[in-house]
Amino acid sequence: MSGRGTAGGVVFQAEVGAAAAALLLAERAISRLGPGLPGRPVRILFETPTAVDDVLVETDVGIIYVQAKRTIALSPNNKSELASVADQFVRQYRDGVLVGGVRRDLDPTKDRLLLAVSDDTAGTISRNLREALDRNRTGASTALPADLINALQVFSNHLDREWKAATGQELSAEERQNILRLCSVTILSDTAKQLAIEALRDAVETVGDEAAAYGSLELWAAKAQAGGVGGDAAAI
């Protein structure tokens, strides 16, 4: 990846973290960042020592593991960025969640493996894969249009290959479905940012200061991302 691409990805990580931090301070559900995401954020961490390491959002019910890609293609290539995302999702699924030093399996009612993208990402990811994963999770995946079937198949093929590379065994249909039910795509669009800014109206002292407050959160997120740290409401 070029230096410009790397820098852009780092900035986008901070943008995702800032949006999540706004919802944390406003005590709003993380579903404002992406429909169907469970819980309310209570802590935001960056560059964590987990398989999915860009942004980790602890909620009041579980964990949202975020891989942030400003742009990403629906590529079947095993060296593609989508293959890398699948690798990280498989490893996180196998690692599970540590709670008080005790491991538990990821639970789609509490946790999520989230690919966050920008408006610049092609519709094959931002629309087709996003909708295919959402419909698969909710049991509405029958009679999918061909473009959604293709997106889900490309991503599933990556999961299959990364699972076999990690375990030496074929990924069963049941295990594949368990992973897919945890996976989501969300778009950090201007609309999503505006929702986060509007949520801050309940957190600022003076109505009208929410845009400036959001700007401060973006600066906090950039510094936290650079330092590999983060925090809860008190730290922010």
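Counting of residues starts from 1 at the beginning of each chain's written sequence and follows it residue by residue. The predicted nature of this model means local features are confined to residues of pLDDT at least 70 and side-chain atom pairs, given and counted, to a pLDDT of 80 or more, with totals for whole chains, interfaces and linings taken over all residues. Note that the side-chain values use all heavy atoms of the structure and ignore hydrogens as well as water.

> What should I look at first to understand the pattern of salt bridges in this one?
Where charged atoms from two side chains of opposite charge come close, those side chains can pair. By convention in these notes, a salt bridge is any Lys or Arg side-chain nitrogen within 4 Å of a carboxyl oxygen on Asp or Glu. A complete count under the given rule lists 14 salt bridges for this structure. Of the charged contacts, one joins Arg28 and Asp202 as a salt bridge, the two residues approaching to 2.2 Å between their closest N and O atoms. Separated by 174 residues along the polypeptide, Arg28 in the loop between α1 (3-26) and β1 (41-46) and Asp202 in the loop between α6 (190-199) and α7 (210-227) bring together distant segments of the chain. Three exposure classes are used, based on accessible area relative to the maximum for each residue type with a 1.4 Å probe and protein chains only: buried under 20%, partly exposed in between, and exposed over 50%. The exposure class assigned to Arg28 is partly exposed, which follows from its relative accessible area of 22%. Look at the salt bridges and you will find they share partners, linking Glu15, Arg70 and Lys193 into a network. Think of it this way: any DSSP run of H or I at least four residues long counts as a helix, any run of E at least two long counts as a strand, and we number them from the N terminus.

> When you look at the packing of helix α4 (residues 146-167) against helix α5 (residues 173-180) in this model, what are you seeing that I'm missing?
Angle between the axes and distance between the axes are the two parameters that describe a pair of packed helices. Closest axis-to-axis distance for the α4/α5 pair is 11 Å, and the angle between their directions is 115 degrees. As summarised for this structure, α4 and α5 are arranged roughly perpendicular, according to the angle between their axes. By crossing handedness, the relation of α4 to α5 is classed as right-handed. Touching Leu152, Phe155, Ser156, Leu159, Asp160 and Trp163 of α4 are Glu175, Arg176, Ile179 and Leu180, all from α5. As a rule, the C-alpha atoms of each element are fitted with a line to give its axis, helices using only the stretch in contact, and angles between N-to-C directions run from 0 to 180 degrees. Reported orientations rely on four angle classes, namely roughly parallel under 35 degrees, roughly antiparallel over 145, roughly perpendicular from 65 to 115, and oblique for the rest. Left-handed is the label given to a crossing in which the near helix is rotated counterclockwise from the far helix by less than a right angle, and right-handed is the label when the rotation is clockwise. Should any heavy atoms of two residues lie within 4.5 Å, those residues are considered in contact.

> Hey, could you run me through the packing of aromatic side chains in this one?
Given two aromatic rings, one states the distance between the centres and the angle between the planes to describe the pair. Side-chain rings of Phe, Tyr and Trp, where Trp is taken by its six-membered ring, are said to pair if the distance between their centres is within 6.5 Å; with planes under 30 degrees apart they count as stacked, over 60 as edge-to-face, and otherwise as tilted. In this structure the tally under the stated criterion is three aromatic pairs. With centroids separated by 5.9 Å and ring planes inclined at 65 degrees, the aromatic side chains of Phe46 and Trp220 adopt a geometry described as edge-to-face. Of this pair, Phe46 sits in strand β1 while Trp220 sits in helix α7; the two residues are 174 residues apart in sequence, bridging distant segments of the chain. The two residues Phe46 and Trp220 agree in class, both being buried. With 6.2 Å between their ring centres and 55 degrees between their planes, Tyr93 and Trp163 make a pair best called tilted. Highlighted residues: Tyr93 in helix α2 (residues 81-95) and Trp163 in helix α4, separated in sequence by 70 residues.

> In this structure, what is going on with the side chain of Asp54? I would like to understand it.
Examined against the element boundaries, Asp54 turns out to sit in the loop between β1 and β2 (55-59). His is not counted here, nor are the chain ends, while Lys and Arg score as positive and Asp and Glu score as negative. The charged side chain of Asp54 is buried without a salt bridge, its nearest counter-charge being Lys69 at 5.7 Å.

> Quick question: what am I supposed to make of unusual backbone geometry here?
Across the chain, the bulk of peptide bonds are trans and the bulk of non-glycine residues have phi less than zero. Here the phi dihedral of Glu27 falls at roughly 55 degrees; this positive angle occurs in a residue that is not glycine. With respect to the helices, strands and loops of the structure, Glu27 is situated in the loop between α1 and β1. Phi at Glu47 is positive, roughly 50 degrees, even though this residue is not glycine. Relative to the helices and strands, Glu47 is located in the loop between β1 and β2.

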